[in-house]
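Geometric and topological summary
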Amino acid sequence: MPKPLIKATQIEVKIRSKVVLRNVSFTISEGEAWAVTGPSGSGKTTLANVIRQRQPLSSGKLTSHLSPTERVVMVEQQHTYRNQTDNSSTYYQARFDSMDSVDFPSVEEELWISVTMPKNEEIDRVLQLLQISHLRYSRLIQLSNGENKRFQLAKALLQQPKVLILDSPFIGLDQQARKVLHRIINQLISEQITIVLITTPSEIPNRIMYVLELQENHSAQTYSRASFLAQQPKQITSVATETGIHRQLLARLSTEADTSFEVAIRMHNVSIRYGGKTILDGVNWQVNRGDKWALSGPNGAGKSTLLSLINGDNPQAYANQIYLFDRKKGSGESIWDIKRRIGYVSPELHLYFNRRLSCFEAVASGLTDTLISDKNISTEQKATVAQWLNVFGLPSQQDNPLMALPLSEQRLVLLARALVKNPPVLLLDEPCQGLDTQQTQKFNAIVDTICQHFDKTLIYVSHYEQDIPTCVNQRLFLEKGKASVILD
């Protein structure tokens, strides 16, 4: 019989007097593989921190049978790192600035820094297992979101964990990368590494043995994998596209539409290179006012780099023929002239966002396209900010710091930030990353409502076909820096 490693008995956790977990019990034994699932905000990450004894209990008991040399290692949903001068005040544009990128360690250098005396053969084995050997000498700041997920897993495996916790590792991965990660997790389970995987019901590898489902009331139910999947609903009920709150927004937005341009974006033979690596290779693309595009492609294909040329975050834009809002980029406009007409959200923006801001301040920062608090917004603007928080179901959180919210609700705040100024162009880079099905449907209903009623221009990035709004009618596919239009 497997040796019990971690046992929880009727544990309860309160954070700032709010119940996050209630009467949760389970036993994780050696070599077992568990999935933890549940709606956003149900306490999944908090539970992971309880297991690794980083979160104190309010009541109940947690018993660990691990020896002092046996580690619990967690790969968190979001990664952080410093540059080589130990400067933590990095900015998300640095990824697109080749001068700044040199100041960040390579994958190999970071593995040597972060893991005690790793052996070369162990580094080789882990990089090969995760299929990222080709990234060994790449700078961390230049890795795509999906590439960085596998790098973080490499760091964890080199620590030889007894229990490995993976917090939403499939987020941000393309379809092929998700398949690869399923195989990797299954292989780790076969090697008797005890796994705790925080994931969605649709992403549970077939060697997972048990599922701990957290409920909306923060309690939990345990299933075998087979019984859990058998009781999953076959069809998701769609969300209504127009609520009373939506109609209030429509009335406000209708007086502010910007139709002063014909061509939102035009790129002619655009190429981007860092050192000897080509990221974009001769891209030609035109986006007219009112177009609705889906931008797709595998991890590392150049999608975020392409968006950075539009949003003003990439200095190489000025060495290329790029036209924004009927005007050649670099012909006298300021970066703020561009940003005020674009609503933007991305995983990188979330990673570097100032989470000390209150939720109200974070949404309001979208009015001025900054990452700081602005106390001088008008009464009407304050009403608009409050209304967007209401749309996303967050009015009670407006005075709380962003860092106090679950990651999914932080992302909802940044989505509200992207929409608050009613921009003519929306650049939404994996906007529903980390949201549950209901939150994703609600957000896309809002996007569809806005795009159907107004002449919005939309570029939407997602690795999940079911997450793409119904208003999208054109598609651009990127692979190895080459762009091609997909005809339906």
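A brief structural summary. (Residues numbered from 1 in each chain as written. Predicted model: local features only at pLDDT ≥ 70, side-chain atom pairs only at ≥ 80, totals over all residues. Heavy atoms only, no water.)

1. Some remarks on the overall build of the chain
The secondary structure content of the chain amounts to 15 helices and 19 strands. When each of the 488 residues of the chain is scored for burial, the buried share is 56%. Within the chain, contacts between residues separated by at least 24 positions form 69% of all contacts whose residues are at least 6 apart in sequence. For the chain, the exposed surface amounts to about 21700 Å²; the carbon and sulfur share of it is 47%. (Helix = DSSP H or I, 4+ residues; strand = E, 2+ residues; numbered from the N terminus. Buried < 20%, exposed > 50% of the residue type's maximum accessible area, 1.4 Å probe, protein only. Contact = heavy atoms within 4.5 Å. Areas by Shrake-Rupley, 256 points an atom, 1.4 Å probe, with all protein chains shown as cover.)

2. Details of the side chain of aspartate 369
In this structure, aspartate 369 sits in the loop between helix 12 (359-364) and helix 13 (379-391). There is a polar contact of 2.3 Å between the side chain of aspartate 369 and the side chain of lysine 421. Setting aside residues up to four positions removed in sequence, aspartate 369 forms contacts with Trp336, Lys339, Arg340, Ile342, Arg417 and Lys421. (Polar contact = N/O pair within 3.5 Å; in protein donor to acceptor, adjacent residues only side chain to side chain.)

3. Concerning helix 14 (residues 407-419)
The end-to-end C-alpha separation of helix 14 is 19 Å, in line with the 18 Å expected for 13 residues at 1.5 Å each. What helix 14 keeps buried is the set Ser408, Glu409, Gln410, Arg411, Leu412, Val413, Leu414, Leu415, Ala416, Arg417, Ala418 and Leu419. Check the buried side of helix 14 and you find it contacts strand 15 (342-345), helix 11 (347-352), helix 12, helix 13, strand 16 (425-429) and helix 15 (437-453). (Expected span 1.5 Å × (residues − 1).)

4. Describing the environment of isoleucine 486
Within the fold, isoleucine 486 resides in strand 19 (residues 482-486). With residues near it in sequence (within four places) discarded, isoleucine 486 still touches Arg475 and Phe477.

5. Regarding the sheet that holds strand 16
With mixed pairing, the six strands of this open sheet are ordered in space as 15-16-17-12-18-19. The open sheet terminates on both sides in strands that have one partner only, identified here as strand 15 and strand 19. The average undirected angle you get between the axes of adjacent strands in this sheet is 15°. Bridging between strand 18 (residues 474-479) and strand 19 involves five bridges; their strand directions are antiparallel. Each bridged residue has a counterpart across the sheet, and for arginine 475 the counterpart in strand 19 is isoleucine 486. Along the sheet, helix 9 (residues 303-311) contacts strand 12 (292-296), strand 15, strand 16, strand 17 (457-461) and strand 18; its crossing angle with strand 16, the most-contacted strand, is approximately 150°. (Pairing = 2+ DSSP bridges. Axes fitted to C-alpha atoms, helices over the stretch in contact; angles between N-to-C directions.)

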